[in-house]
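Architecture at a glance
So you can see what is in the structure, the chains are spelled out below.
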Amino acid sequence: MNKLEKQVLMMIGEDPTNPDVFTDDAIGMTQIRESISDGIAEVLMLTGGWTETFRIPLVQDQTFYKIELENSDVGWFQSVRNVDTEVALTQSSLIALNSFDPLWMRYTGPPTQYLPIGTNTMAICPKSSSSTGVLECHIAAIPKRYKTDADRIKLKKIYERSVVDYAVSEFYASRGSARDAAEHLQRFAISVGLQKVYGADTGRTYQYSINKESNQDITISP
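Overview of the structure. (Residues numbered from 1 in each chain as written. Predicted model: local features only at pLDDT ≥ 70, side-chain atom pairs only at ≥ 80, totals over all residues. Heavy atoms only, no water.)

**Description of the overall build of the chain**
When you go through the chain residue by residue, the secondary structure sums to six helices and 10 strands. Scored against the burial criterion, the 222 residues of the chain give a buried share of 43%. Put simply, 64% of the contacts in the chain that link residues at least 6 apart link residues at least 24 apart. Split by element, the accessible area of the chain, about 12300 Å² in all, is 50% carbon and sulfur. (Helix = DSSP H or I, 4+ residues; strand = E, 2+ residues; numbered from the N terminus. Buried < 20%, exposed > 50% of the residue type's maximum accessible area, 1.4 Å probe, protein only. Contact = heavy atoms within 4.5 Å. Areas by Shrake-Rupley, 256 points an atom, 1.4 Å probe, with all protein chains shown as cover.)

**Overview of the sheet that holds strand β6 (residues 113-117)**
With mixed pairing, four strands are arranged side by side in an open sheet as β2-β7-β6-β5. With partners counted over all chains shown, the strands left at the sheet margins are β2 (64-66) and β5 (90-91), one partner each. Sheet topology places β2 next to strand β7 (residues 121-125); three bridges connect them, and they run antiparallel. The residue of β7 that forms the bridge with K66 is T121. (Pairing = 2+ DSSP bridges.)

**A look at helix α1 (residues 3-11)**
For α1, the full list of buried residues reads L4, E5, V8 and L9. Projected down its long axis, α1 carries its buried residues within an arc of 135°, all on one side. For α1, the secondary structure elements touched by its buried residues are α2 (30-47) and α4 (160-174). The N-cap residue of α1 is N2: its side-chain oxygen and the backbone nitrogen of L4 are 3.1 Å apart. Where α1 terminates, the next one or two residues include G13, which has phi positive at roughly 90°. (Arc of directions from axis to C-beta. Polar contact = N/O pair within 3.5 Å; in protein donor to acceptor, adjacent residues only side chain to side chain.)

**Details of the environment of M10**
Secondary-structure assignment places M10 in helix α1. For the pair M10 and V168, spaced 158 residues apart in sequence, the C-alpha separation works out to 9.9 Å.

**Some thoughts on the environment of I139**
You can see I139 is positioned in strand β8 (residues 134-143). Taking the C-alpha atoms as reference, I139 lies 8.3 Å from W50; in sequence the two are 89 residues apart. Discounting residues that sit within four places of it in the chain, I139 has contacts with W50, T51, E52, F54, I67, L69, V74, G75, W76, F77 and Q78.

**Considering the packing of α2 against α4**
With their axes 8 Å apart at the nearest point, α2 and α4 run at an angle of 130° to one another. Between α2 and α4, the angle falls in the class oblique. Of the two elements, α2 crosses α4, and the hand of that crossing is right-handed. Here α2 contributes Q31, S35, I36, D38, G39, I40, E42 and V43 to the contact with α4, which in turn contributes S162, V163, Y166, A167, E170, F171 and S174. Its residues assigned to classes, the contact of α2 with α4 shows seven nonpolar, five polar and three charged. (Axes fitted to C-alpha atoms, helices over the stretch in contact; angles between N-to-C directions. Parallel < 35°, antiparallel > 145°, perpendicular 65-115°, else oblique. Left-handed = near helix turned anticlockwise from the far one by under 90°. Nonpolar A, V, L, I, M, F, W, Y, C, P; charged D, E, K, R; others polar.)

**Notes on α4**
For α4, built from 15 residues, the straight-helix expectation of 21 Å at 1.5 Å per residue is met to within 8% by its first-to-last C-alpha distance of 21 Å. Buried residues dominate α4, accounting for 14 of its 15 residues. Of the residues trailing α4, G176 is marked for its positive phi of about 80°. (Expected span 1.5 Å × (residues − 1).)

**Describing the pattern of salt bridges**
Inspection of the entire model under this criterion finds 10 salt bridges. The shortest N-O distance in the salt bridge between R33 and E5 comes to 2.8 Å. Within this pair, whereas R33 is found in helix α2, its partner E5 is found in helix α1, the two being separated by 28 residues in sequence. Under the relative-accessibility criterion, E5 is labelled buried at 0%. For D101, the salt bridge goes to R106, with nearest N and O atoms at 3.2 Å. One continuous salt-bridge network, built from bridges that share partners, spans R55, R81 and E136. (Salt bridge = Lys/Arg side-chain N within 4 Å of Asp/Glu carboxyl O.)

Quick look at the structure:
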């Protein structure tokens, strides 16, 4: 049991050293670990707090490249640059490229634009005319969900309490306690600057799954 799990248990009234419900094993801690993983992903999506660098060797006449981070998934691209030319590529979209020319994939030359596709693929335009050069991608990464207390958790210390509040909020939502869930969700929102980014949180609603197998939901208005 890691320190985040212990903090969540204490806040929901469980004794971490001798828990009644959430026993210290893979099955007993499943709900808590899923909620903590949700909280970590949410924090990093909001703050971009974990950056990884991925290098792509260019291949002649190749448009699409797969991004394979070792222990993370791609959240979004922060920047992409050509290492050899030291030129930053501009992020584009399928609509923009098709408006420019529906046959944009036929062009070759030094890449000047990139297009994120799905969660782990990137297209470039124009495609490289030779198998030389390297693209350096700086990526806001979302760590893969952890399964045991021995797994490394990629999270800045200042956001640990934020993740705990998020997990506690999900716990209370799963028990149908809307008031407690909304209270901890509000703490989470304030701690990660959600209100500053999106404005006043009044009127927002949040849905949590009470039972993931039965797909029952509860809606919370803070």
